[in-house]
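These are the residues of each chain, in order.
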Amino acid sequence: MNDETTPPRVDSEVGPLRAVLLHRPGNELKRLTPRNNDQLLFDSIPWVDRAQAEHDAFAEVLRSRGVDVLLLADALRTALEDDRAHAAGVHAAVDDRRLGGDLADSLRSHLSSADAAGLAEVLMAGMTFEELPSAEGASLVRMMNHPHDFAVDPLPNLLFTRDSSAWIADRVAVSSLTMPARRRETAVLDLIYAYHPHFRHAARAYGAHSAPIEGGDVMLLAPGVLAIGVGERTTAAGAESLARSVFADGIAHTVLAVPIEQSRATMHLDTVCTMVDADAVVMYPLARDSLTAFTLRPTGDGGVKVAGPAPFLVAAAEAMEIDRLRVIDTGLDPVTAEREQWDDGNNTLALAPGVVVGYERNVETNERLEAAGIEVLPIAGSELGSGRGGPRCMSCPIRREPLR
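Residues numbered from 1 in each chain as written. Predicted model: local features only at pLDDT ≥ 70, side-chain atom pairs only at ≥ 80, totals over all residues. Heavy atoms only, no water.

A. Region of interest: empty space enclosed by the protein. Counted by the stated rule, this structure contains 4 cavities of 30 Å³ or more. In this structure, the largest cavity encloses a volume near 70 Å³. Contributing to the lining of the largest cavity are Val10, Ser12, Glu13, Arg162, Ala166, Trp167, Val218, Leu220, Cys396, Pro397 and Arg400. Counting residues per element, the ones that place at least two in the lining of the largest cavity are strand E5 (165–168), strand E8 (218–222) and strand E19 (396–400). In terms of residues, the lining of the largest cavity owes the most to one element, E19, which gives 3 residues. Residues that form the lining of the largest cavity fall into these classes: 7 nonpolar, 1 polar and 3 charged. (1 Å grid on protein atoms, 1.4 Å probe; cavity = no way out; pocket = protein on both sides within 12 Å on 5 of 7 lines; lining within 4 Å. Points joined across faces, edges and corners; volume = space filled by probe spheres on them. Helix = DSSP H or I, 4+ residues; strand = E, 2+ residues; numbered from the N terminus. Nonpolar A, V, L, I, M, F, W, Y, C, P; charged D, E, K, R; others polar.)

Encoded structure:
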């Protein structure tokens, strides 16, 4: 990052974006095959070179608008230069239950002697049994696994940096990821936030070992006001735990717990709606009237009071202290809306109030945004979208200027 002296802070979804964490697709995507892509949560096998080119163009759009881009792989390598981080990284990579004691010890010894770049590559791209260091003696585990099976799983979903961590005010919430294919991502983010010089003193708003919650379900509607989707990836216990944490830290006064359908198409709240201005959202029309919210507020004695449910748009406007929340519908008709919702038409990244990045293929939604006075910066996403995620999913804002 160019400016490592300014501390991280994010108080809204749309304040001018100044710094962001992205992950450029790497060798972990090359591990995807028709045999494992479902297990690794991808709908198809991406063309990696094209995905990298699309991501480079996305990052350049952000830089052209004054956003400082920190790449996750660079941040991880920097963190692993610290001996304590290196030891923790080795521990995170080696699963004794999968490998057995002897093979685990052999891999642990091998990774302990790897440099920061080599260990970072294993943590992100994984390692097959064929790639394990040679070892003396027989290993039933090695013999009974196919050479191309994973001894260390790859993390292709690192691309979606929003899910694995989220900044709330001056604290970072490291997600407790639900799906087995993503759980080790939290160890990677823990290492970065604990040992990278820019984050070393950052306080935590939530811990990776708490009840399940993912950053794609966390939306900062306004300073002090959070919406948390509860569905496939975030549980009610996770939403309540995060609410209690932010209330105790004094960084929020209202949390809206928003039930969403538990399906692949609506895995997170940000697949249903995202903020495009201080008082406006782009939203899937079928959710407009059906989405509800429970309102959580602190009692003042360490407890939490829960009200509702009420219509989400009503509860949100009340919590934000505005007359109403403007809604821009995805698509122009039910079929188009469904297609563009699936293609992440709702999943925009705000660079400033009224300025968003969106996938270029969502033509009708982008036209509706423009007609409502929202500037849309279109990017290609034919390969990036194969893991079901748009510009918001692919970005973890580190610093935004306050709304005026």
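From this point, the narrative continues.
B. Representation of the packing of helix H2 (residues 72–79) against helix H6 (residues 116–125). Interhelical geometry of H2 versus H6 gives an angle of 130° and a closest axis separation of 8 Å. The orientation of H2 with respect to H6, classified from their angle, is oblique. Pair H2 / H6 crosses with right-handed handedness. Contacts between H2 and H6 involve Leu72, Ala73, Leu76 and Arg77 from the first element and Ala116, Ala117, Ala120, Leu123 and Met124 from the second. (Axes fitted to C-alpha atoms, helices over the stretch in contact; angles between N-to-C directions. Parallel < 35°, antiparallel > 145°, perpendicular 65-115°, else oblique. Left-handed = near helix turned anticlockwise from the far one by under 90°. Contact = heavy atoms within 4.5 Å.)

C. Representation of the packing of aromatic side chains in the model. Throughout the structure, instances matching the rule amount to 3 aromatic pairs. For the ring pair Trp167 and Phe199, a centre distance of 5.9 Å and an interplane angle of 35° mean the geometry is tilted. Taken as a pair, Trp167 in strand E5 and Phe199 in the loop between helix H9 (185–195) and strand E7 (203–206) lie far apart in primary sequence, 32 residues in all. With a relative accessible area of 3%, Trp167 lands in the buried category. A ring pair is formed by Tyr193 and Phe199, whose centres lie 5.0 Å apart and whose planes are at 80°; its orientation type is edge-to-face. Of the two residues examined, Tyr193 and Phe199, each falls in the buried class. (Phe/Tyr/Trp six-rings, centres within 6.5 Å; stacked < 30°, edge-to-face > 60°. Buried < 20%, exposed > 50% of the residue type's maximum accessible area, 1.4 Å probe, protein only.)

D. The arrangement of the sheet that holds strand E11 (residues 273–277) in detail. The mixed open sheet is built from 3 strands, whose spatial order is E11-E12-E15. If you trace the sheet from one side to the other, it starts and ends with E11 and strand E15 (326–329), each paired once. Neighbour-to-neighbour, the strand axes of this sheet turn through a mean angle of 30°, independent of strand direction. As judged from the 4 bridges shared by E11 and strand E12 (residues 280–283), these two strands associate in the antiparallel manner. Note on E12: the bridge partner recorded for Thr274 is Val282. Most of the contacts of helix H14 (residues 363–371) go to E15, to which it runs at about 150°, and overall it touches E11, E12 and E15. (Pairing = 2+ DSSP bridges.)

E. Highlighting the UniProt feature "active site" (unreviewed entry) in the protein. The feature "active site" (unreviewed entry), as given by UniProt, occupies Cys393 in the numbering adopted here. Here Cys393 is to be found in the loop between strand E18 (375–379) and E19. Excluding anything up to four places from it in sequence, Cys393 contacts Leu159, Phe160, Thr161, Arg162, Asp270 and Asn347. (UniProt positions renumbered as here; feature names shortened; annotations may be inferred.)

F. Here's a closer look at the pattern of salt bridges. Under the counting rule described, the total for this entry stands at 23 salt bridges. Note that Glu13 is salt-bridged to Arg392, the shortest N-O span being 3.0 Å. Taken as a pair, Glu13 in the segment before strand E1 (17–22) and Arg392 in the loop between E18 and E19 lie far apart in primary sequence, 379 residues in all. Comparing Glu13 with Arg392, the two get one shared label, buried. With its nearest N and O atoms 2.6 Å apart, the salt bridge here joins Asp74 to Arg77. With Asp74 and Arg77 both in helix H2 and 3 residues apart, the pair spans about one turn of that helix. With a relative accessible area of 30%, Arg77 lands in the partly exposed category. (Salt bridge = Lys/Arg side-chain N within 4 Å of Asp/Glu carboxyl O.)

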